Every structure is written in structure tokens, then in C-alpha cells.
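What follows is each chain in one-letter form.
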Number of protein chains: 2
Amino acid sequence: MTRVLVVEDDPQLVRALVINMQARRYGVDAAPDGATALRLAAAHRPDVVMLDLGLPDMDGVDVIRALRGWSRVPILVLSARQGSAEKVAALDAGADDYVTKPFSMDELMARLRAAVRRTEETPLAPETTLVVTAGFTIDLRAKKVVRGTRDVRLTPTEWQLLEILVTHPGRLVTQKHLLQEVWGVSRAGKTNYLRVYMAQLRRKLEADPSHPRYLITEPGMGYRFEG
Amino acid sequence: MTRVLVVEDDPQLVRALVINMQARRYGVDAAPDGATALRLAAAHRPDVVMLDLGLPDMDGVDVIRALRGWSRVPILVLSARQGSAEKVAALDAGADDYVTKPFSMDELMARLRAAVRRTEETPLAPETTLVVTAGFTIDLRAKKVVRGTRDVRLTPTEWQLLEILVTHPGRLVTQKHLLQEVWGVSRAGKTNYLRVYMAQLRRKLEADPSHPRYLITEPGMGYRFEG
DNA sequence: CACGCCCTTGACGCATCCCTGACGCCCAGG
DNA sequence: CCTGGGCGTCAGGGATGCGTCAAGGGCGTG
């Protein structure tokens, strides 16, 4: 059964959504605010999130970013705001679709189906949670790095950067791509961020940080993790 | 470079879309009708399809179904029809998103980015990105060249040139085309750029750079990659 | 309130890359 | 035989990108 997390503070709309989705054999969870939403998302691992941007406790875009920090679950945004700036912000933060209220329930359900279909089609990559090199070991699920016999402490930003590189082993990852994934599109172009954080990662992971063996830079293009 | 196929019969709208996307460094193809669209999609393998439903020769939903018969390329539907029935039909046929005209260009570009981002995140693209010759191996997706047992380091400009030639194997690529793709229209005509960079590529890839076997020059016309 | 951690930002030296001009070769045509 | 255009080669100068360091600010914690 496909599980949907509905994040919406209007009880009436929640009721309507829940009824419609249960009739279509979806499993539905509901959260009235952002904090509850993040907690439920982590606990129940829904297959789709339907998110209202106008929440009482926090900005909807921040909810998107928080989710994207650890999950790739499809996010379908509902919002009363029709301005294109809001849409762009939500989509660039990681949302998959944006529907403005009032909406047709048929259309919403079709967009929901489209989002679910996409995730079902992707064969769910072979979930390698351990990345082992001669110098260190990365446990992606536990978010842990061990170097020799000691644990390495990474800051959240350092971890995000490392995670992206490590999940594309051997491949070149563009500076723009890294910046967009970690800092969002608004900060694309700030290549100095990358320089600072790559230096920190090397200092923590490489035996000889000034001659990196794993975190390779390709001048003018991006960075690459060599396994 | 991300390649977009625009399927739209209104020349004015095509022009606006192409200009906007080229400014954002997308590679754009355009098709005025469904038949051309299907042919170009098969030949050029775009990364995204932007599809108008109101085509002169066939129903847009049939175009979606035809594409979905063999491809999972993201399809972004543009349409003047606002009815939810049309949206549902298109989405259920396999479209990924549906934007009604008139739309904000910013929003459309954000939805385009969202669609591209999704496909980039899913690893394990079945696409064959390896170009193998007796002398060297090129991995287009990883942006990596291996010659014998050693990695070859290419500068961004060298890589762009090589990428264009290699993705048109055996075919002649015009000097003007190469210059426009790598340096932009303003520098078309500076054929000396090509001479310098082709020489560098040959020095890095060919066994005998002065008698090239793979990077062939066609005097007065352009260059060709022999696989 | 003080402290520490983390993110951001600027400055600086250095390596590399891009562009440019000069020169010589080959080939075709006069 | 001479000439001119197209091409390959080389070397240097300016520009850009990268690594590094350090300082400042925001935020939560003790």
C-alpha cells in the first residue's frame, strides 16, 4: 500500500484529502504542522508527502529543505499562494510538484499518481550503505565515518558534500550541482564555499590533505570521489 | 549539457523558449509536430521533453504514450486547456508535469529544473556512456578518459570539444558548429582556437599526435572522430 | 552572560588554463 | 617556380581558479 503523509493545518481540507485517498486505497498519515510532519516522516517513511506551505510553526520551504536533507521522497506542494516566486522557491528547494488552491481533486490525484509512478519505476539503487577505502570507512545510513580506529566528526554541511560525492563514485560532480544540492540554487556560483569545505573534508579524511587521493578536484569542472 | 526537446507548433513560443533555455545553457531541439518529435526523440535522446498538447498532426496524449513505449524521459506538458480532465489524461498517460498557458517563464524553468534534478539523482542510468577505442576509453557520464592504465586529465575546454566530437562518431563536425558550441556565437570564425585545442587533445590521446588516428581533420570543413 | 561550534566571507599566493601571435609546413593554383 | 591559404606547433602573458588561512557573526549550550 502506498503511504501518503498529508501536512496541512486546515482540518476540513485534511478530512477531504484523507477521505479521497483512503477511497483510492492509499494509507494516509496527517500532520498539522511542520515539526510533526518531520517527526512523522522520519518515523513512518511515507512514499509521498503532500505539503501545505502555509503552516503555523515554520516556513514550508524549510520543511522541504529539512526533508531533502535525508530523504528523496516525492514532495507535492499545496499552496494558496499563486506567485511564481513562491513556486520557484519551493521547487528549487526540492519539491517535485506545486498545486495552487483551489484545485480539482481529480487533478491532484493524477499528480499524486504521477509522483508515485516515478518512484516505483526507479529500480531503487542497490542501497550500498558502506563505502570502504584504504584510508577510511563511510557508513551512509548511520552517517558515520571511521578513519583507522578513530571516529571522524563531520559537520552537517561537510556530510552533505561528502554524501553526494560518495554516492557517485568515480563520477565527476559539477560544481553547480554540488552547490545546488547543498546550498540551494540561490547560492549557485559561490565556488569559494566548495573550496573551503573540500579543504576541511580533506583535512579530516586524507592522509596527505595537500595531495588528495580520494577527493579529487577537476579544475574548472568539479570534484570526484575515487573509491 | 542537458538536452531539451521542445515540441510546439507556435513559432513565437518556440523562439521564446529556446532563447530562455539557451541562456541557461541547455541544449535545445525543436519539433513543430508529433511525428517530428518522435523521430527527434529517438535520434537525439533528449534529457527532457517539453510537449505542447495542441499539435497539428496528432493528439498530444498519443505522443506521450508513444514516448513511454520505449523511454522514461521526463515529459513536461504545456497546454492552453485548463480542464482537469485533460490534465488527468496527460498525467496518467505518463506525463510528469502539466503547465497551463499562459505560464510564468520563471515557474516553467523551475519545473524544468525539478524534472532534470530527479533524473540526475537516480543513479544507474542504463545509458551506455562508454566510448572505447584501441588507444583509450572515454566515460562520458563520469567525464573521465583512461589511456592504457593512466587517467588522462582534460581541461574544461578540451573536454567540451572531445564530447561534441565523440557524440557524433564518424560524422563530420563543422568548424562553425564546434566553435559555437564551445565558445559561443561571438567567437565563431576563430578557427585558430580549434587548431590549438585539437593539437592538445591529440597530444593527450593519440599514440602519434602528428598522424592522428581518431581525431581526424577534414581540411576546410571541420573535424571527425573515428571510433 | 560567556563559550564553543559552525557557517560565511574576504584576502593572498600560486598553479593552471585560455588566448594570442609568430613561424613553418603542406598543398593547390597560377 | 612562386604564392597564398589552411593547418600544426610553440611559447609567453594575462586571467582565472584553486588552496589556504583567518576573522566575524549567528546560534545553541552550559
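Here the structure is a predicted model, which means the values were calculated and not measured. (Residues numbered from 1 in each chain as written. Chains lettered and ligands numbered in written order. Predicted model: local features only at pLDDT ≥ 70, side-chain atom pairs only at ≥ 80, totals over all residues. Heavy atoms only, no water.)

Asker: Mind showing me how you'd approach the overall build of chain A here?
Answerer: For chain A, the helix and strand inventory stands at eight helices and 12 strands. C-alpha extents for chain A along the principal axes are approximately 60 × 35 × 30 Å. Of the contacts formed within chain A by residues at least 6 apart in sequence, a portion of 55% connects residues at least 24 apart. Taken as a whole, chain A presents about 11100 Å² of accessible surface, with 51% of it coming from carbon and sulfur. (Helix = DSSP H or I, 4+ residues; strand = E, 2+ residues; numbered from the N terminus. Contact = heavy atoms within 4.5 Å. Areas by Shrake-Rupley, 256 points an atom, 1.4 Å probe, with all protein chains shown as cover.)

Asker: Just to check I follow, could you spell out the pairing of strand β4 (residues 75–79) of chain A for this structure?
Answerer: The side chains of a regular strand alternate between both faces of the sheet. All names here are of chain A. Counting buried residues in β4 gives five out of five residues, a clear majority hidden from the surface. Residues Ile-75, Val-77 and Ser-79 point to one face of β4 and Leu-76 and Leu-78 to the other, with burial holding for every one of them. As paired strands, strand β3 (residues 48–52) and β4 are joined by four bridges and run parallel to one another. Bridge pairing links Met-50 to Leu-76 in β4. Considered for its hand, the β-α-β crossover made up of β3, helix α3 (residues 60–68) and β4 is right-handed. Where β4 meets strand β5 (residues 97–100), four bridges bridge the pair, whose relative direction is parallel. Residue pairing in the sheet places Leu-78 in a bridge with Val-99 of β5. As for the winding sense of the linkage, the β-α-β connection from β4 through helix α4 (residues 84–93) to β5 is right-handed. (Buried < 20%, exposed > 50% of the residue type's maximum accessible area, 1.4 Å probe, protein only. Pairing = 2+ DSSP bridges. Right-handed = clockwise from strand over helix to strand, strands pointing away.)

Asker: How should I be thinking about the protein's contact with DNA strand C in this particular structure?
Answerer: By nearness alone, 18 residues border DNA strand C, and Thr157(A), Trp183(A), Tyr193(A), Thr157(B) and Tyr193(B) come closest of all. Sugar plus phosphate, as a fraction of atoms of DNA strand C within 4 Å of the protein: 85%. Between DNA strand C and Thr157(A), the relevant distance is 2.3 Å, taken from a phosphate oxygen to a side-chain nitrogen or oxygen of the residue. Elements that contribute at least two residues to the surface near DNA strand C include exactly α6 (156–166) and α8 (191–205) of chain A together with α6 (156–166) and α8 (191–205) of chain B. A class-by-class count of the residues in the surface near DNA strand C yields 10 nonpolar, four polar and four charged. (Near = heavy atom within 4 Å. Polar contact = N/O pair within 3.5 Å; in protein donor to acceptor, adjacent residues only side chain to side chain. Nonpolar A, V, L, I, M, F, W, Y, C, P; charged D, E, K, R; others polar.)

Asker: Could you clarify how one ought to interpret the environment of Leu201(B) in this entry?
Answerer: Mapped onto the fold, Leu201(B) is located in helix α8. Between the C-alpha atoms of Leu201(B) and Glu158(B), which are 43 residues apart in sequence, the distance is 6.5 Å.

Asker: Teacher, can you tell me more about the protein's contact with DNA strand D here?
Answerer: Close to DNA strand D lie 18 residues; Arg202(A), Thr217(A), Arg202(B), Thr217(B) and Gly220(B) are nearest. When atoms of DNA strand D within 4 Å of the protein are sorted by moiety, sugar and phosphate together comprise 58%. A distance of 3.4 Å separates a phosphate oxygen of DNA strand D from a polar atom in the side chain of Gln175(A). Here Gly220(A) contributes a backbone N or O atom positioned 3.0 Å from a phosphate oxygen of DNA strand D. In terms of residue count, α8(B) provides more of the surface near DNA strand D than any other element does, four residues in total. Considered class by class, the residues forming the surface near DNA strand D number six nonpolar, eight polar and four charged.

Asker: Where do I start with the nonpolar core in this structure?
Answerer: Nonpolar side chains in soluble globular proteins tend to end up buried together. With 28 residues, the main nonpolar core has Ile138(B) and Leu162(B) as its most contacted residues. For this core, the secondary-structure elements that each account for two or more residues are α6, α7 (175–183), α8 and β12 (222–225) of chain B. The greatest single-element share of this core, amounting to six residues, is contributed by α6(B). When near neighbours in sequence (up to four residues on either side) are disregarded, Ile138(B) contacts Thr129(B), Leu130(B), Val131(B), Lys144(B), Val145(B), Trp159(B), Leu162(B) and Val166(B). In terms of nonpolar packing, the next biggest core, distinct from the first, is built from 26 residues, Leu140(A), Val145(A), Leu165(A) and Met198(A) among them. (Core = buried A, V, L, I, M, F, W, Y, C linked by side-chain atoms within 4.5 Å.)

Asker: What is the right way to read the pairing of strand β11 (residues 215–218) of chain A from this model?
Answerer: All names here are of chain A. Bridge analysis of β11 against strand β12 (residues 222–225) gives four bridges, and the strand direction is antiparallel. The residue of β12 that forms the bridge with Ile-216 is Arg-224. Between the antiparallel neighbours β11 and β12 lie three residues, among them Gly-220 with a positive phi of about 80°.

Asker: I tried to follow the side chain of Glu8(A) on my own but got confused; where do I start?
Answerer: All names here are of chain A. Checked against the element boundaries, Glu-8 lands in the loop between β1 (3–7) and α1 (11–23). Its relative accessible area of 3% is what places Glu-8 among the buried residues. A polar atom in the side chain of Glu-8 sits 3.3 Å from the side chain of Lys-101. In this structure, Glu-8 is in contact with Leu-13, Val-14, Ala-31, Pro-32, Asp-52, Leu-55 and Lys-101, ignoring residues within four places of it in sequence.

Asker: Before we go on, may I ask you to explain the domain arrangement of chain A in this structure?
Answerer: Think of interface size as the accessible area that goes away when the parts come together; that is how it is often given. Under the domain assignment, chain A is made up of domain 1 (3–121) and domain 2 (130–225). Distance between the C-alpha centres of domain 1 of chain A and domain 2 of chain A: 31 Å. (Domains from an automatic or database assignment.)

Asker: Teacher, can you tell me more about the packing of α6(B) against α8(B) here?
Answerer: In helix packing, the relevant descriptors are the interaxial angle and the interaxial distance, both defined with respect to the helix axes. Residue and element names in this part refer to chain B. Here α6 crosses α8 at 85°, and the two axes come no closer than 10 Å. The orientation of α6 relative to α8 falls into the category roughly perpendicular. Listed contacts from α8 to Thr-157, Glu-158, Leu-161, Leu-162 and Leu-165 of α6 are Leu-194, Tyr-197, Met-198, Gln-200, Leu-201, Lys-204 and Leu-205. (Axes fitted to C-alpha atoms, helices over the stretch in contact; angles between N-to-C directions. Parallel < 35°, antiparallel > 145°, perpendicular 65-115°, else oblique.)

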